[in-house]
Amino acid sequence: MNNTFLKACRGEKTDYTPVWLMRQAGRYLPEYQAVRAGVDFLTLCKTPELAATVTKQPVDILGVDAAILFSDILIPVEAMGMHLEFSDKKGPVLSDPVRNKSAVDRLTIPDTEDSMPFVLETIRILRAELTVPLIGFSGAPFTLATYMIEGGSTKNFLNTKKMMFQNPGLFHLFLDKIAATVIAYLSSQIRAGAQAVQLFDTWAGVLTPEDYREFVLPYVKKLIAELKKETVPVIYFVNDCAGLLSDVRKSNADVVGVDWRIDLRDAVKKIGKKCAVQGNLDPCALFLPKEKIEDRVKDILWKGELARGHIFNLGHGILPETPVDNAKAMVEAVHKFSER
Ligand code: CP3
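About the cut-offs
Residues numbered from 1 in each chain as written. Predicted model: local features only at pLDDT ≥ 70, side-chain atom pairs only at ≥ 80, totals over all residues. Heavy atoms only, no water. 1 Å grid on protein atoms, 1.4 Å probe; cavity = no way out; pocket = protein on both sides within 12 Å on 5 of 7 lines; lining within 4 Å. Points joined across faces, edges and corners; volume = space filled by probe spheres on them. Helix = DSSP H or I, 4+ residues; strand = E, 2+ residues; numbered from the N terminus. Nonpolar A, V, L, I, M, F, W, Y, C, P; charged D, E, K, R; others polar. Pairing = 2+ DSSP bridges. Contact = heavy atoms within 4.5 Å. Axes fitted to C-alpha atoms, helices over the stretch in contact; angles between N-to-C directions. Buried < 20%, exposed > 50% of the residue type's maximum accessible area, 1.4 Å probe, protein only. Core = buried A, V, L, I, M, F, W, Y, C linked by side-chain atoms within 4.5 Å. Near = heavy atom within 4 Å. Polar contact = N/O pair within 3.5 Å; in protein donor to acceptor, adjacent residues only side chain to side chain. Areas by Shrake-Rupley, 256 points an atom, 1.4 Å probe, with all protein chains shown as cover. Sits in = over half its atoms within 2 Å of the grid points. Parallel < 35°, antiparallel > 145°, perpendicular 65-115°, else oblique. Salt bridge = Lys/Arg side-chain N within 4 Å of Asp/Glu carboxyl O.

Comments concerning the layout of surface pockets
Estimated volume of the largest pocket: approximately 1,200 Å³. Lining the largest pocket are 39 residues, with R23, R27, F41, D72 and F86 sitting closest to its centre. Sorting the residues of the lining of the largest pocket by element identifies helix 2 (30-36), strand 2 (84-87) and strand 3 (91-94) as the ones contributing at least two each. In terms of residue class, the lining of the largest pocket is made up of 22 nonpolar, nine polar and eight charged.

With respect to the sheet that holds strand 9 (residues 310-314)
The pairing of strands in a sheet comes from backbone hydrogen bonds and takes either a parallel or an antiparallel form. Spatial strand order, 1-4-5-6-7-8-9: seven strands in an open sheet with parallel pairing. Two strands lie at the open edges of the sheet, namely strand 1 (67-68) and strand 9, each paired on one side alone. Note: strand 7 (residues 255-258) against strand 8 (residues 276-281), three bridges, orientation parallel. Bridge pairing in strand 8 places G257 opposite Q278. Those strands touched by helix 13 (residues 217-228) are strand 5 (196-201) and strand 6 (234-238), and its axis lies near 175° from that of strand 5.

Focus on the side chain of Q189
Mapped onto the fold, Q189 is located in helix 11 (residues 168-192). The exposure class of Q189 is buried, given its relative accessible area of 0%. Setting aside its immediate chain neighbours within four residues, Q189 contacts L69, V119, L120, I123, G136, F137 and A194.

A closer look at the nonpolar core
Counting 131 residues, the largest nonpolar core has F5, L21, F174, Y236 and M330 as its most contacted members. Top element by residues in this core is helix 11. It accounts for twelve residues.

What about helix 9 (residues 141-150)?
With respect to burial, helix 9 is a largely interior element, ten of its ten residues being buried. Listed in full, the buried residues belonging to helix 9 are P141, F142, T143, L144, A145, T146, Y147, M148, I149 and E150. Of the residues trailing helix 9, G151 is marked for its positive phi of about 85°.

Let's talk about the site of the ligand
Close to the ligand lie 21 residues; R27, Y32, D72, T202 and H316 are nearest. Between A25 and the ligand, the recorded distance is 2.9 Å, taken from a backbone N or O atom to an oxygen atom. For the ligand, the protein covers 88% of the area, taking 870 Å² as the surface of the free molecule. Placement of the ligand is best described as lying within the largest pocket.

Observations concerning the packing of helix 9 against helix 10 (residues 158-166)
It is at 8 Å that the axes of helix 9 and helix 10 come closest, and there the two elements cross at 110°. With respect to helix 10, the axis of helix 9 lies roughly perpendicular. Only L158, N159, T160, M163 and M164 of helix 10 make contact with helix 9, whose side of the interface consists of F142, T146, I149 and E150. Class assignment for the residues of the contact of helix 9 with helix 10 results in five nonpolar, three polar and one charged.

Let's talk about the side chain of T202
Tracing the backbone shows T202 in the loop between strand 5 and helix 12 (209-215). A relative accessible area of 11% means that T202 is categorised as buried. In this structure T202 touches T143, N239 and H316, once residues within four positions along its chain are discounted.

Digging into the environment of V268
Here V268 lies in helix 15 (residues 264-271). Once residues lying within four places of it in the same chain are set aside, the contact partners of V268 are V277, K303, L306 and A307.

Observations regarding unusual backbone geometry
The amide bond that connects G279 to the next residue, N280, takes the cis arrangement and shows omega of -10°. Its place among the elements puts N280 in strand 8. Look at D96: it is not a glycine, yet its phi comes out positive at around 50°. Of note in the backbone geometry, D240 takes a positive phi value of approximately 60° without being a glycine. The residue D240 is located in the loop between strand 6 and helix 14 (245-248) in this model.

Section: the environment of D60
Of note, D60 is situated in helix 4 (residues 48-62). Looking at D60, the relative accessible area reads 64%, which means it is exposed. Counting along the chain gives 160 residues from D60 to V220, while the straight-line C-alpha distance between them is 33 Å.

A few points about the pattern of salt bridges
Enumeration according to the criterion identifies 19 salt bridges in this entry. Its salt-bridge partner being R36, residue D88 comes within 3.7 Å of it at the nearest N-O pair. Note that D88 is positioned in the loop between strand 2 and strand 3 and R36 in helix 2, a separation of 52 residues in sequence. By relative accessible area, D88 is classed as exposed at 75%. With a closest N to O distance of 2.4 Å, E129 and K56 form a salt bridge. Taken together, the residues E129 in helix 8 (residues 117-129) and K56 in helix 4 connect sequence positions 73 residues apart. Exposure remark for K56: the relative accessible area of 23% places this residue in the partly exposed category.

Worth remembering: the numbers are spatial, not functional.
Laid out in structure tokens, this is it:
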């Protein structure tokens, strides 16, 4: 078993810097496309043998140091009682978006064993087969709330901010319900065998620091405090985090995931020595020639040396158009240039 990733999460010394890629199981891989050709995306998420197969693909093809469960952040949202569909053009569509108190009241806090058994079964299959650690994940409460309120992807989060500003009491009630769901969901994943968990706060970066402190941080803090009882590392990824890092560090996550818009040196300074960092190559840098990819990898590696621990990753998900060979070259470069 290769435990380099888990060691780096805990800030322990490692022989080299471990690496994985957000969205590493996905459309840029022909092997993923081949599986996906036979089933729609949600069926893929809900069929444990297939979900396990695509989870393992990037481990075998790229040689990454961790696997991330194949699923989606909106799976528990469906289990809370919303109708979910994925359209090829628009991405996720949630019908009857949550806009008032009766809609919040109608949502349930689902039991994972009852309503998402396929997630736990996928984890069990993977733990029996993987030679690298398995990362479980969930959307963070604010990010999930944006999808539930907007009904899908959005540009300026107007409906979300309207509820936040016009009915902060309701927004808090809503976030509390989502946080309870996420705690139960991730605890179940950990008990089924997930060896680390990542919270995706993809949209928290659209908030002012004051609003982040009021509507995001308290729930993430509570969640992480609860999850720490399960004693696996918690990674907290905030996209567009530069203006928020001094608050993000207060979440007490073991690892803070950082997007590419900030110099990793500055990120480490703001995060401090209490937690490890994960990141932060621009996903578009994988379209550079290989020598230039290597230069950027080296630059991020030496900046990562300043942190309590460093897990190399992209600053956000890998793009579907990415050449597989370049992703492979990146992983090889991380291993080669970080060897100690
Ligand atoms: O990282 C992995 O390899 C594990 C699988 C994973 C997926 N989604 C698979 C997926 C993970 C960790 C996610 C998280 C996720 N899902 C996030 C947070 C991470 C981030 O990117 O910020 C968000 C916001 C979603 C919601 C979502 N799912 C959107 C907006 C879309 C449509 C856009 C897109 O990328 O297609 C999805 C679909 C999705 N999730 C796909 C995959 C592989 C593509 C579906 C397909 O095969 O057609």
